[in-house]
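Examining the three-dimensional arrangement
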Amino acid sequence: MPNIFLSDQPIKIIDRTLPEMIYSKDTVKRLDIISMCWFLKELGVHTIEINRQVVEKMHVLPKGLDFLYRISADEKVDPLILQRVNGFIITRRELYKTGWLEFLAERNPDITLEIRIEELTRVKKLKRLLQKGWLKDIKTIRILGMNRFFSSEWVEFLRNVCNDMRIGMDICPENRFSNATAIALEAVEGHFDAVTVSFSGFSRRIYGYAALEEVLTGSEVLLKCGLKTNLKVLPEGCNLFMKMMKLSIPNGKPIIGKDIFKYESGIHADGIEKNPTTYEPFDPGMVGKKRNLAIGKHSGTKAIIRKLKELGIECGIEEANRILELVRKRSIEKNGELLDRDLKEIYKVVYDGY
Amino acid sequence: MDIKIVDTTLRDGEQRAGIAFAAESKVKIAKLLDSLGIYQIEAGIPAMGGDEVKGICRIVECGLKSKISVWNRMNVNDIKRSLECEAEIIHVSVPVSDIQINSKLKKSREWILENLKKCIGMIIERGRVVTIGMEDASRADNGFIQQVIAAAKAEGVNRIRYADTVGILRRKHVFDEMKRMKENYEMDIEIHMHNDFGMAVANSVSAVMAGAKFVDCTIGGIGERAGNCDYAQFICAAQACFGVFKEDDFNQKLEIQKEILSYG
């Protein structure tokens, strides 16, 4: 397994979940939004992206959190916002508004310009902007999209572009072709300045972004890059997100799915019993979860014995074999796993002859 | 570019806790997979006996265009059951990481190599095609992987499955590893990615870029833990990257996939 040791400078994790949530469901409550902010910080997010709609919902920005404010050239710049946020993010539309950007930069020099780039060959548009002098007030470029960055060759190429342009770079991959997390982790490993993600990859757009929890857990487990995270709060954050959005997170979603540490197959159950690392990339406790042995069609006799023991019932191999036959039959009838009471019923049938 | 999909919905997919297809459902799903143009359907595990064997035998009897394969542990009793099922391809899963060999099997690398030869011999004697899967290859020692591939090749195996059993690989590593295998061995490579960190599709695309011809997928990405490479997401990404599927075909495939998912 690759084992990369990175420099002391951790990448900044920027989260853009809130504006996406409020755009999708503007009935979210103020206190829930504030709880979400604190959850994101606890999880390991450095900067929370917000916009006018988020601020209107929150009324007051909580102290102790860093915010990146998405500002539009049509907006009147609120002095309170100017004081309170750590930086601004704009698009090219704002860039071309004469005088406006200079006004903003005088008050807060931390300005990020978001540009959509879908293919590596389009990176040259950054150089054109630089040559025409449009980037003099810009501290960081955020590259949004990257949907067609199918190989990791982009890392070196963009690193060289950053160095030539002497500008910070924030990577915000979209997930149209299911490669956003891969790109985000490459950004972490490639020592970019920031990576922008969202919780569970959520977006109002159809494709989504790199999933925050995948990037943080991947950084910790695969890259071992020393980001300060507390992944144990993920289940709590998931519940908050589902409550706010009235959405379910799929049971098999990486890192946060309800059933990702549920195992049934005999081979896996046996391996996990002997050494959980045989079939687990990381300990479930790391992300606030527990492993859970399910009983069903693919169970083996050892799993039956173990499950019955958990339920306070002792059982030998021969008996377990008879129980297993009935377990498989019942599981197929149900098209699913057996509950504890189903297993106890089957045990009664085998032992009491009912 | 010709990408051959090996669908393992009826085997690895069904191993997701809480999924249990009856024999009739397996046959219906297999027919739908066949209509998708899937190259190979991994129909199940004959060693489970009972309803599982019934389902597999009925799928074989259907005479589908898709090739039918069955999955085995590296175990002669498993293989005997598989030979009775008359599936065209017999897949043998070979644990190759020291974690799997020592902790799970409590055996040695030498035992693995000896049994590998025995199992392959049994299958080839009966005139069937055998493929070998390197279970947990992503955490295995490269030197031992080379020994396993060399041993399999010497016994007449033409296709090796590289399995990222716990989903820890990243694109660059996949690309480099597949390229190295392609250059060093004249064998077809099949890639089997798990989605624990959300990268199964990206890794599978990377493997194809480096020369892997066979890609394992499941419908809906179902499988152990966070599942496998999702079929629809993979063909979407493969279409964008390699242009291998026609747009009309693609929409039809999504419709058929919806029908398959209704069985779960």
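Residues numbered from 1 in each chain as written. Chains lettered and ligands numbered in written order. Predicted model: local features only at pLDDT ≥ 70, side-chain atom pairs only at ≥ 80, totals over all residues. Heavy atoms only, no water.

1. So, the overall build of chain B
As a reminder, the rule being used: We count a stretch as a helix when DSSP gives it H or I for four or more residues in a row; a strand needs E for two or more, and each element gets its number in order from the N terminus. Each radius of gyration reported is based on C-alpha atoms, and the globular scaling rule is 2.2 Å times the count of residues to the power 0.38. The cut-offs for exposure are 20% and 50% of the maximum accessible area for each residue type, with area from a 1.4 Å probe on protein chains only; residues under the lower value are buried, those over the upper are exposed, and the others partly exposed. Note on definitions: a residue-residue contact is assigned when non-hydrogen atoms from the two residues lie within 4.5 Å. Residue exposure ignores everything except the shown protein chains as possible cover, and the areas themselves are Shrake-Rupley values with a 1.4 Å probe. Residues scored as positive are Lys and Arg, those scored as negative are Asp and Glu, and His as well as the terminal groups of each chain are ignored. Charged groups are reduced to one reference atom each: NZ for lysine, CZ for arginine, CG for aspartic acid, CD for glutamic acid.
Tallying secondary structure elements over chain B gives 11 helices and eight strands in all. Over its C-alpha trace chain B gives a radius of gyration of 17 Å, about what one expects of a compact globule, namely 18 Å for 264 residues. Evaluated residue by residue, chain B yields a buried proportion of 63% over its 264 residues. Counting contacts in chain B only where the partners sit at least 6 residues apart, residues at least 24 apart contribute 73% of the total. Per element, the accessible surface of chain B, about 9,300 Å² overall, is 46% carbon and sulfur. When the 36 positive and 38 negative side-chain charges of chain B are each reduced to one mean point, those points stand 2 Å apart.

2. Section: the pairing of strand E1 (residues 4–7) of chain B
Residue and element names in this part refer to chain B. Here is the rule we go by: If DSSP finds at least two bridges between two strands, the strands pair.
Alternating positions in E1 separate into two faces, Lys4 and Val6 on one and Ile5 and Asp7 on the other, with burial throughout. Sheet topology places E1 next to strand E8 (residues 214–217); four bridges connect them, and they run parallel. Note on E8: the bridge partner recorded for Asp7 is Cys217.

3. Observations concerning the confidence of the model for chain A
Note the cut-off: Per residue, pLDDT captures the predictor's confidence, and it can take any value from 0 to 100.
Per-residue pLDDT for chain A has a mean of 92; in total, 97% of the residues score no lower than 70. Counting interchain partners and residues more than four positions distant, the pLDDT-below-50 stretch residues 1–7 of chain A has 17 contacts.

4. A look at the environment of Gln233 of chain B
Within the secondary structure, Gln233 of chain B is located in helix H10 (residues 231–242). Judged by its relative accessible area of 38%, Gln233 of chain B falls in the partly exposed class. Apart from the residues within four sequence positions on either side, Gln233 of chain B is in contact with Ser178 of chain A together with Val201 of chain B.

5. Considerations on the pattern of salt bridges
Residue and element names in this part refer to chain A. The line we're drawing: Salt bridge, as applied in this entry: a Lys or Arg side-chain nitrogen positioned within 4 Å of an Asp or Glu carboxyl oxygen.
For the structure on display, the rule yields 59 salt bridges over all chains. Between Lys243 and Asp32 there is a salt bridge, with its nearest N and O atoms 3.0 Å apart. One end of the pair, Lys243, is in helix H11 (residues 234–245); the other, Asp32, is in helix H2 (residues 30–43), with 211 residues separating them in the sequence. Overall, Lys243 belongs to the partly exposed group, its relative accessible area being 49%. When salt bridges that share partners are traced, they join Arg16, Glu20, Glu49, Arg70, Glu114, Arg142, Asp170 and Arg204 into one network.

6. Considering the environment of Ile59 of chain B
Residues and elements named next belong to chain B. Summarising the element assignment, Ile59 is placed in helix H3 (residues 50–61). Residues Ile59 and Ile41, spaced 18 residues apart in sequence, show a C-alpha to C-alpha distance of 9.6 Å. Not counting residues within four places of it along the chain, the set of residues in contact with Ile59 comprises Leu10, Lys26, Val27, Ala30, Ala43, Leu64 and Ile68.

7. Remarks on the confidence of the model for chain B
In this model, chain B carries a mean pLDDT of 95, and residues with pLDDT of at least 70 account for 98%. In the predicted assembly, ipTM is 0.96 and pTM is 0.95.

8. Let's talk about a positive patch on the surface
Put simply, the rule is: Patches were defined on residues exceeding 30% relative accessible area and lacking a salt bridge, with like-charge contacts within 9 Å and nonpolar side-chain contacts (Val, Leu, Ile, Met, Phe, Trp, Tyr) within 5 Å.
A cluster of basic residues, Arg92, Arg122, Lys124, Arg128 and Lys132 of chain A, forms a positive patch at the surface. Examined against the element boundaries, Arg92 of chain A turns out to sit in helix H5 (residues 92–95).

9. What about the packing of helix H2 (residues 23–35) of chain B against H3 of chain B?
All names here are of chain B. Operational definition: Note on geometry: axes are C-alpha line fits, over the in-contact stretch for helices, and angles between N-to-C directions span 0 to 180 degrees. The scheme is simple: roughly parallel for angles under 35 degrees, roughly antiparallel for over 145, roughly perpendicular for 65 to 115, oblique for anything else. Should the near helix be turned counterclockwise from the far one by less than a right angle, the crossing is left-handed, whereas a clockwise turn marks it as right-handed. Three categories are distinguished: nonpolar for Ala, Val, Leu, Ile, Met, Phe, Trp, Tyr, Cys and Pro, charged for Asp, Glu, Lys and Arg, and polar for the others, with Gly belonging to the last.
For the pair H2 and H3, the least separation of the axes is 8 Å and the interaxial angle reads 30°. In terms of orientation, H2 and H3 fall into the roughly parallel class. Crossing of H2 against H3: the hand is right-handed. Where H2 abuts H3, its residues Ala23, Glu24, Lys26, Val27 and Ala30 lie against Asp51, Glu52, Lys54, Gly55, Arg58 and Ile59. Tallied by class, the residues present in the contact of H2 with H3 amount to four nonpolar, one polar and six charged.

10. Digging into the sheet that holds strand E7 (residues 168–173) of chain A
Sheet architecture is closed into a barrel: eight strands sit in the order E1-E2-E3-E4-E5-E6-E7-E8 (chain A), paired in parallel fashion. Direction aside, the axes of adjacent strands within the sheet are offset by 25° on average.

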